[in-house]
Amino acid sequence: MTSEFTIAVHALVFLSHKGTYYSSEGLADNVCTNAARIRKVMAKLKKADLIKTKEGADGGYFFHREAREVDLQMIADALDTPFVAASWKSGDPDRDCLVSSGMAGVMTEIYDTLDQECRKRLKLITIYDIEDRIFSKRPEK
């Protein structure tokens with residue numbers, strides 16, 4: 001998993017809560033990152049129709065969907081985010097040893113299964129759920 005997923009979820013929850021257009025600089029300030037990273041992530045969310053954009057002085061990014069209808073799997077798909085993956089594989093498929101030649105394939109299947117299980121769980125969590133968790137923990141004045 002990359003930080004893009006965290007940036008995207010944070011930005012969408014913030015935009016959902018605010019209900020208005022925000023610039024990349026304004027989002028970057030709230031997310032605590034730089035505006036270039038925001039623009040990179042938001043471009044992917046726009047392509048997936050999770051946000052709208054508007055140019056000009058009062059423009060920026062706008063969350064135009066219902067928070068209850070946007071789940072975290074949709075965001076992961078928009079960003080092409082893997083959650084469980086191996087960056088290195090052991091063994092050698094060309095060896096005579098069955099362990100050495102078969103381990104990479106077996107481990108890839110295990111990682112793929114774990115990734116799919118993560119995605120199933122993310123399907124159950126919406127932007128609304130996260131927003132609700134944040135604001136239900138806010139102390140009363």
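Shown above is the structure to which this text applies.
Residues numbered from 1 in each chain as written. Predicted model: local features only at pLDDT ≥ 70, side-chain atom pairs only at ≥ 80, totals over all residues. Heavy atoms only, no water.

Some points on a nonpolar patch on the surface
Then, in step 1: Among the surface-exposed residues, Val-106, Ile-110 and Leu-114 lie close enough to one another that they form a single nonpolar patch of about 230 Å² accessible area.
Then, in step 2: Within the secondary structure layout, Leu-114 lies in helix α5 (residues 98–122).
Then, in step 3: Residue classification places Leu-114 among the partly exposed positions, given a relative accessible area of 41%. (Patch = residues over 30% accessible without salt bridge, like charges linked within 9 Å, V, L, I, M, F, W, Y side chains within 5 Å. Areas by Shrake-Rupley, 256 points an atom, 1.4 Å probe, with all protein chains shown as cover. Salt bridge = Lys/Arg side-chain N within 4 Å of Asp/Glu carboxyl O. Helix = DSSP H or I, 4+ residues; strand = E, 2+ residues; numbered from the N terminus. Buried < 20%, exposed > 50% of the residue type's maximum accessible area, 1.4 Å probe, protein only.)

Some remarks on the pattern of salt bridges
For side chains bearing opposite charge, pairing can occur when the charged atoms are close.
Then, in step 1: Across all of its chains, the model carries 9 salt bridges by this definition.
Then, in step 2: In this structure, Asp-77 engages Arg-119 in a salt bridge whose closest nitrogen and oxygen atoms are separated by 2.9 Å. Note that Asp-77 is positioned in helix α4 (residues 72–79) and Arg-119 in helix α5, a separation of 42 residues in sequence.
Then, in step 3: Assessed through its relative accessible area of 11%, Arg-119 is described here as buried.
Then, in step 4: Notably, a salt bridge pairs Lys-120 with Glu-117, separated by 3.2 Å at the nearest N-O pair. With a gap of 3 residues between them, Lys-120 and Glu-117 both fall in helix α5, about one helical turn apart.
Then, in step 5: Since its relative accessible area comes to 43%, Glu-117 is described here as partly exposed.
Then, in step 6: Through salt bridges that share partners, Glu-4, Lys-40 and Lys-44 make up one connected network.

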